Amino acid sequence: MVNTTLELSRRRFLSSSATTSLLAVASLSYPIDPILAKTIKGIQFGAAARASLIVSDPQYRDALLGYCSRLTPEIEFKWDRIEQEQGQFMFGEADQLANFARDHGIEIYGHTLLWHRSLPPWAYENLKVEREWSIVDRYIRQMVGRYDGIRYWDVVNEPIETGYRTDGLRPSIFLDVFGDEYVASALQAARSVSSSAKLLINEYGLEYDLAVEHDRRYHFLKLLERLKHSGVPLDGVGLQAHLDLRKGTVSPASIGSFLKEIANFGLFIFVTELDVTEASYFQTVDERDEQVAAEVSRYLDVVCDFPDIRGVTTWGLTDRYSWLGLSPEEVEAYIRLGYWRDGSSPGLNRGLPLDTDMRPKQFLRSLTSHGIGEKQ
Ligand code: G3I
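These remarks concern the structure in this document. Model, not experiment: these values are computed from the prediction. (Residues numbered from 1 in each chain as written. Predicted model: local features only at pLDDT ≥ 70, side-chain atom pairs only at ≥ 80, totals over all residues. Heavy atoms only, no water.)

## Some points on the overall build of the chain
We count it as follows: Counting from the N terminus, the helices are DSSP H or I runs at least four residues long and the strands are E runs at least two residues long. The buried label goes to any residue with under 20% of its type's maximum accessible area, the exposed label to any with over 50%, and the partly exposed label to all in between, with areas taken from a 1.4 Å probe on protein chains only. Contacts are assigned to residue pairs with any non-hydrogen atoms lying within 4.5 Å of each other. In this description, accessible areas are obtained by the Shrake-Rupley approach with a 1.4 Å probe, and a residue is regarded as covered only by the protein chains that are shown.
Along the chain, the regular secondary structure elements total 14 helices and 10 strands. For the chain, buried positions account for 56% of its 376 residues. When contacts within the chain are restricted to residue pairs at least 6 apart in sequence, those whose partners lie at least 24 apart make up 81%. With the model as given, the accessible surface of the chain reaches about 15,700 Å², and the carbon-plus-sulfur share is 50%.

As structure tokens, then:
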């Protein structure tokens, strides 16, 4: 399973990379770590990003430019943002992000065409009544056609949910109306517009030795098997990798055998949404960062051995803007209880590579020590 040549060359390069700091940092408004930033040849690194923050926060913008060679629109490409009202396409923020990326030689990762949580309410109602595939088809064609340089698309996002059906498919309006064929139809629609884009299914909850995650892996593999056997245009698998220390630590053995099956289908992998939810906020910042970084390393030790890994993307770059943050109510409760007297970050999950001041954390070193982070 391991591509030894690739792995050896990656490791060899890593061992010499500390002396090859290439980034000019003088003009930036905060100190990008010159060794960590874009200096290591290996797996392409990206982060989920938001167009509005690029405009409003120059430090955020500089950090994206300093570290990322690929960006995933965190919300801008989703159907409910693009077509809030039927037929009224609002490409403003999506174009903004795509143009920003293009102007800086950064690649955009297409996220996501079909997701039950990003369906505009009008589309839900129409699908229920009209039951027409053309409603979905039109949106997929629009997006893949408009952003035709995009190399990777999450075509279907999160199709698996355990506990409902024997095939493990998530109950959704798509499944209700079109049956289990909807996954194949979405992939075919994307392929009909682009013969070259790589098409993926993106899924979460696949890393731990929990019964529910075991089931998710099983059903996901079965879905991939059915799609590959019926010749559907599926090229790769997106592994969201929202790691979660509350679940324990990732299971290298389970992930390893799961990935082996994926390799047998001839699919590549892409780590699409890496981050870490912490189990406890009540330790020192250093201890917390160490635990997060160790979990990232445990995970990357396995996935970076996969023969065809196309990229690693974190779900956000900095704790300053993270979907992992606690709610204001939780923050208030913790402060009332007297925590964080040591000046650490109240209420902020430290589950991303940079802290709230854009300083690199040990998380980033876990990435670079696995060969992740060079512009390609
Ligand atoms: O921009 C509006 C703002 O104007 C408004 O005041 C505010 C009030 O609620 O909402 C803001 O939009 C929110 C947006 O995030 C930006 O913060 C949306 O309501 C909220 O639904 C949206 O959540 C995003 C979610 O996907 C749904 O699209 C999260 O940021 C984003 O991190 C999350 O990403 C998903 C991946 O796509 C799939 N995998 C899981 C991952 C995390 O849930």
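## What about the site of the ligand?
Quick note on the threshold: By convention in these notes, a residue is near a molecule or strand provided one of its non-hydrogen atoms lies within 4 Å of it.
As a structural note, the neighbourhood of the ligand is formed by 15 residues, with Glu74, Lys78, His111, Glu273 and Trp315 the closest of them. Considered on its own, the ligand offers 800 Å² of accessible surface; in the complex 55% of this is hidden by protein.

## Some words on the pairing of strand S10 (residues 309-314)
This is how it is decided: Any two strands with at least two DSSP-identified bridges between them are counted as paired. With the strands aimed away from the viewer, a crossover counts as right-handed if its path from the first strand over the helix to the second runs clockwise.
Among the six residues of S10, five are classified as buried, and the element is accordingly described as predominantly covered. As defined by bridge partners, strand S1 (residues 45-49) adjoins S10 across three bridges and the pair is classed as parallel. Bridge pairing links Ala47 to Thr314 in S10. Of the strand pairs in this sheet, strand S9 (residues 268-277) and S10 are connected by three bridges, and their pairing is parallel. Bridge pairing in S10 links Val271 to Val312. In this view, the connection linking S9 to its parallel neighbour S10 by way of helix H12 (residues 285-303) has right-handed handedness.

## Let's talk about the pattern of salt bridges
This is how the line gets drawn: In the sections that follow, a salt bridge refers to a side-chain nitrogen of Lys or Arg positioned within 4 Å of a carboxyl oxygen of Asp or Glu.
Following the criterion strictly, the structure yields 25 salt bridges and no others. A salt bridge links Asp244 to Arg246; the shortest N-O distance between them is 2.7 Å. Relative accessible area serves as the criterion here: at 9%, Asp244 is assigned to the buried category. When its relative accessible area of 58% is taken as the criterion, Arg246 is described as exposed.

## A closer look at empty space enclosed by the protein
In this approach the atoms are scanned with a rolling probe the size of a water molecule, which exposes any empty space left behind. Where we set the bar: The way it works is a 1 Å grid over only the protein atoms, where trapped points that fit a 1.4 Å probe form a cavity and open points with protein on both sides within 12 Å along at least five of seven lines form a pocket, and then any residue with an atom within 4 Å of a point lines it. Grid points are joined across faces, edges and corners, and a volume is the space filled by probe spheres set on the points.
Summed over the entire model, instances satisfying the criterion amount to two cavities of 30 Å³ or more. Here the second largest cavity is characterised by a volume of approximately 50 Å³. Every residue along the wall of the second largest cavity is listed here: Leu114, Trp115, His116, Val156, Asn157, Glu158, Pro159, Arg170, Ser172, Phe174 and Tyr182.

## A short note on the packing of helix H10 (residues 211-229) against helix H11 (residues 252-264)
What counts is decided by this rule: For every element, the axis is a line fit to its C-alpha atoms; helices are fit only across the contacting stretch, and the angle between N-to-C directions ranges from 0 to 180 degrees. Any angle that falls under 35 degrees is termed roughly parallel, while one over 145 is termed roughly antiparallel, one within 65 to 115 roughly perpendicular, and all others oblique. Charged residues are taken to be Asp, Glu, Lys and Arg, nonpolar residues to be Ala, Val, Leu, Ile, Met, Phe, Trp, Tyr, Cys and Pro, and polar residues to be all remaining types, Gly included.
Closest axis-to-axis distance for the H10/H11 pair is 10 Å, and the angle between their directions is 5 degrees. In terms of orientation, H10 and H11 fall into the roughly parallel class. In contact with Arg217, Phe220, Leu221 and Leu224 of H10, H11 contributes Ser254, Phe258, Glu261 and Ile262. Counted by class, the contact of H10 with H11 contains five nonpolar, one polar and two charged residues.

Nothing here speaks to function; it is all geometry.
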